[in-house]
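Observations on the model geometry
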Amino acid sequence: MTTEAQAVPVPPAPTRRTALARRITDGLEPKNVILVLLPLLGGLRYGWLGIGWALFAALFAAVVPTLIIGHGMRKGTVADRHVGRRQRRLTLFPLIMGSVLLSFAVMIGLDAPADLTALVLAMFASLVPILVITVWWKVSVHTAVATGAVVCLAIALGPLWLLLGALVPLIGWSRVVLRDHTAAQTAVGAVVGALAAGLTFWAAR
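Below or above, wherever it landed, is the structure these notes cover. Small disclaimer: the values here were computed from a predicted structure and weren't measured.

Turning our attention to the nonpolar core. Counting residues in each nonpolar core, the largest one holds 27 residues, and the members touching the most others are Leu 38, Met 107, Leu 119, Met 123 and Phe 201. Every element with two or more residues in this core is listed here: α3 (30-75), α4 (86-109), α5 (114-134), α6 (141-157) and α8 (183-204). At eleven residues, the largest contribution of residues to this core is made by α3. Setting aside its immediate chain neighbours within four residues, Leu 38 contacts Ala 54, Ala 57, Ala 58, Leu 116, Leu 119 and Met 123. Core analysis: the second largest hydrophobic core is formed by nine residues, Phe 93, Met 97, Val 139 and Ala 144 among them.

Here's what the structure looks like:
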């Protein structure tokens, strides 16, 4: 088991390889994946109505969590936008989960489109095992969100969307190169995201 100091190692020296890894990590971070996933699924399944509901869900699943993290960075309690310290994740994740759960409750109450409501529930469900694992180990949220998104798209729109899964090893590679995670942490994150989000989405839609 790693210590907290070991969980946030010294960043690697800047090279072309690390610069590419940084672009991948930042470009395909969970917030961005969610901001693409929700309108994509909402629009393809329900048209403009779906896009409207998707933007509402994105407010609570991506924008509010970003604001929470940004507030922590301004206060100096969070070191970076990816929340590298495992212990800090334990305090932030429940706040993020509460935000996602609030949007789910509103969507249920206002009879939002079924697949979008199920997708928001899947996001919440995937955070539960991630939070539990994070008590002992810094599992990758990047790969968890990415695989969950791919599996949910495939369930809703067809198996061809599984081709997007090719991005997941690339994301995992970037996290390892930047020393934010080990290969095992990215692999476990991918499995947890696929199972938790995929099974919840399939059962709830």
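Turning to the packing of α3 against α4, a few remarks are in order. Two elements in contact, α3 and α4, have axes separated by 9 Å at closest approach and are oriented at 165 degrees. Between α3 and α4, the interaxial angle falls into the category roughly antiparallel. The handedness of the crossing between α3 and α4 is right-handed. Every residue of α4 that contacts α3 at Trp 53, Phe 56, Ala 57, Phe 60, Ala 61, Val 64, Pro 65, Ile 68 and Ile 69 is listed here: Leu 92, Leu 95, Ile 96, Ser 99, Val 100, Leu 102, Ser 103, Val 106 and Met 107. The residue inventory of the contact of α3 with α4, partitioned by class, reads 16 nonpolar, two polar and no charged.

Turning next to the packing of aromatic side chains. For the coordinates displayed, the defined rule picks out two aromatic pairs. Relative to Phe 56, the ring of Trp 53 has its centre 5.6 Å away and its plane inclined at 85 degrees; by these criteria the two rings are edge-to-face. Here Trp 53 pairs with Phe 56, and both are found in helix α3, just three residues apart, close to one helical turn. Ring centres 5.1 Å apart and planes at 55 degrees place the aromatic pair Phe 56 and Phe 60 in the tilted group. Of the two residues, Phe 56 and Phe 60 both sit in helix α3, four residues apart, roughly one turn of that helix. Phe 56 gets classed as partly exposed once you look at its relative accessible area, which sits at 24%. Phe 60 sits in the buried class, given a relative accessible area of 15%. Geometry around Tyr 46 places Arg 45 over its ring, the cationic atom sitting 5.0 Å from the centre.

In this structure, the largest pocket encloses a volume near 630 Å³. Looking at the largest pocket, it is lined by 34 residues, and the ones nearest its centre are Pro 30, Lys 31, Ile 34, Val 141 and Val 145. Of all elements in the fold, only α3, α4, α5, α6 and α8 reach the threshold of two or more residues within the lining of the largest pocket. Residue contributions to the lining of the largest pocket peak at eleven residues, all from α3.

With that settled, consider the pattern of salt bridges. Tallied over the entire structure, the rule returns seven salt bridges. Between Glu 29 and Lys 31 there is a salt bridge, and its shortest N-O distance comes to 3.7 Å. For Glu 29, the salt bridge identified is with Arg 81, shortest N-O distance 2.4 Å. Placement of the pair is Glu 29 in the loop between α2 (16-27) and α3 and Arg 81 in the loop between α3 and α4, with a sequence separation of 52 residues. Here Glu 29 falls in the buried class, since its relative accessible area comes to 6%. Given a relative accessible area of 40%, Arg 81 falls into the partly exposed group. It is possible to trace a salt-bridge network through shared partners that takes in Arg 22, Asp 26, Glu 29, Lys 31 and Arg 81.

Basis of the calculations
Residues numbered from 1 in each chain as written. Predicted model: local features only at pLDDT ≥ 70, side-chain atom pairs only at ≥ 80, totals over all residues. Heavy atoms only, no water. Core = buried A, V, L, I, M, F, W, Y, C linked by side-chain atoms within 4.5 Å. Buried < 20%, exposed > 50% of the residue type's maximum accessible area, 1.4 Å probe, protein only. Helix = DSSP H or I, 4+ residues; strand = E, 2+ residues; numbered from the N terminus. Contact = heavy atoms within 4.5 Å. Axes fitted to C-alpha atoms, helices over the stretch in contact; angles between N-to-C directions. Parallel < 35°, antiparallel > 145°, perpendicular 65-115°, else oblique. Left-handed = near helix turned anticlockwise from the far one by under 90°. Nonpolar A, V, L, I, M, F, W, Y, C, P; charged D, E, K, R; others polar. Phe/Tyr/Trp six-rings, centres within 6.5 Å; stacked < 30°, edge-to-face > 60°. Lys NZ or Arg CZ within 6 Å of the ring centre and 35° of its normal. 1 Å grid on protein atoms, 1.4 Å probe; cavity = no way out; pocket = protein on both sides within 12 Å on 5 of 7 lines; lining within 4 Å. Points joined across faces, edges and corners; volume = space filled by probe spheres on them. Salt bridge = Lys/Arg side-chain N within 4 Å of Asp/Glu carboxyl O.

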